[in-house]
Amino acid sequence: MIHRHTLPITLGTVVRLGALVALIFGVGHRIGGASGGAVALVGAIGTEMGFMIFLGRRYLRALPPIGTGAPTQGEMWHFAWPLMVSQFTEGSLAFVINIFIGRLAQADLALAAFGVVRGLAMLLLSPLRSLAHTAQALARTAPEERVMLRFTWIAVGVSSLLILL
């Protein structure tokens, strides 16, 4: 992220999805059911990990030696607390909504509809979920932060239009 080399992350995702499809058709028919899906998922994640290790070797070699310029505890908390809060609220929001939806007259229909709508919204908003991480890694000066904010507002606008459509 610091050196703005994010294409390997995208390639890793493509490799994981390709491996998942291949393993579902290859292993899923032999094992079947949820066990076959679990084996395919673990295999796909392992395939992506191997691919990322292969691609990441040169970045690992380019890192400074251990012990030079290590971040302080305060710097790590400054970087990490927004990510932790974001993940906590994202996970707990669906849980709380499900509690209230489950109390409706047609709870099963409402829960199913919420699952579909939430899945679609998460798909459309997935690029925006990475913006906090990207801004923290890339925006080091005020001008870079302004560029990042402008890009964020454009991305939010486009995603909102897609959701409205």
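Residues numbered from 1 in each chain as written. Predicted model: local features only at pLDDT ≥ 70, side-chain atom pairs only at ≥ 80, totals over all residues. Heavy atoms only, no water.

## Observations regarding helix 1 (residues 7–26)
(1) Moving on: With 20 residues, helix 1 extends 28 Å from end C-alpha to end C-alpha; this agrees with the ideal 28 Å at 1.5 Å per step.
(2) Moving on: Among all positions in helix 1, only Pro8, Gly12 and Ala19 are buried. The buried residues of helix 1 occupy an angular sector of 40° when the element is viewed end-on, so they sit on one face. Looking at helix 1, the residues exposed on the side facing more than 90 degrees away from the buried face are Leu7, Val14 and Phe25. (Helix = DSSP H or I, 4+ residues; strand = E, 2+ residues; numbered from the N terminus. Expected span 1.5 Å × (residues − 1). Buried < 20%, exposed > 50% of the residue type's maximum accessible area, 1.4 Å probe, protein only. Arc of directions from axis to C-beta.)

## Digging into helix 4 (residues 73–101)
Because the α-helix completes a turn every 3.6 residues, residues three or four places apart line up on one side.
(1) Moving on: For helix 4, built from 29 residues, the straight-helix expectation of 42 Å at 1.5 Å per residue is met to within 8% by its first-to-last C-alpha distance of 41 Å.
(2) Moving on: The sharpest bend along helix 4 measures roughly 35° and falls at Ala80, with the proline Pro82 sitting one to four residues further on.
(3) Moving on: For helix 4, the complete set of buried residues consists of Leu83, Ala94 and Ile101. (Bend = angle between axes of the 7 residues up to and from the residue.)

## Points about a nonpolar patch on the surface
(1) Moving on: Among the surface-exposed residues, Trp77, Trp81, Met84 and Val85 lie close enough to one another that they form a single nonpolar patch of about 440 Å² accessible area.
(2) Moving on: With respect to the helices and strands, the residue Trp81 is situated in helix 4.
(3) Moving on: In this structure Trp81 comes out as partly exposed when scored by relative accessible area, which is 47%. (Patch = residues over 30% accessible without salt bridge, like charges linked within 9 Å, V, L, I, M, F, W, Y side chains within 5 Å. Areas by Shrake-Rupley, 256 points an atom, 1.4 Å probe, with all protein chains shown as cover. Salt bridge = Lys/Arg side-chain N within 4 Å of Asp/Glu carboxyl O.)

## Observations regarding the packing of helix 1 against helix 3 (residues 33–62)
(1) Moving on: For the pair helix 1 and helix 3, interaxial distance at closest approach is 8 Å and the crossing angle is 150°. By the angle between their directions, the pair helix 1 and helix 3 is classed as roughly antiparallel. As helix 1 packs across helix 3, the resulting crossing turns out to be right-handed. In this structure, helix 1 contributes Pro8, Ile9, Leu11, Gly12, Thr13, Val15, Arg16, Ala19, Leu20, Leu23 and Ile24 to the contact, and helix 3 contributes Ala40, Leu41, Gly43, Ala44, Ile45, Thr47, Glu48, Phe51, Met52, Leu55 and Tyr59.
(2) Moving on: Residues that form the contact of helix 1 with helix 3 fall into these classes: 16 nonpolar, four polar and two charged. (Axes fitted to C-alpha atoms, helices over the stretch in contact; angles between N-to-C directions. Parallel < 35°, antiparallel > 145°, perpendicular 65-115°, else oblique. Left-handed = near helix turned anticlockwise from the far one by under 90°. Contact = heavy atoms within 4.5 Å. Nonpolar A, V, L, I, M, F, W, Y, C, P; charged D, E, K, R; others polar.)

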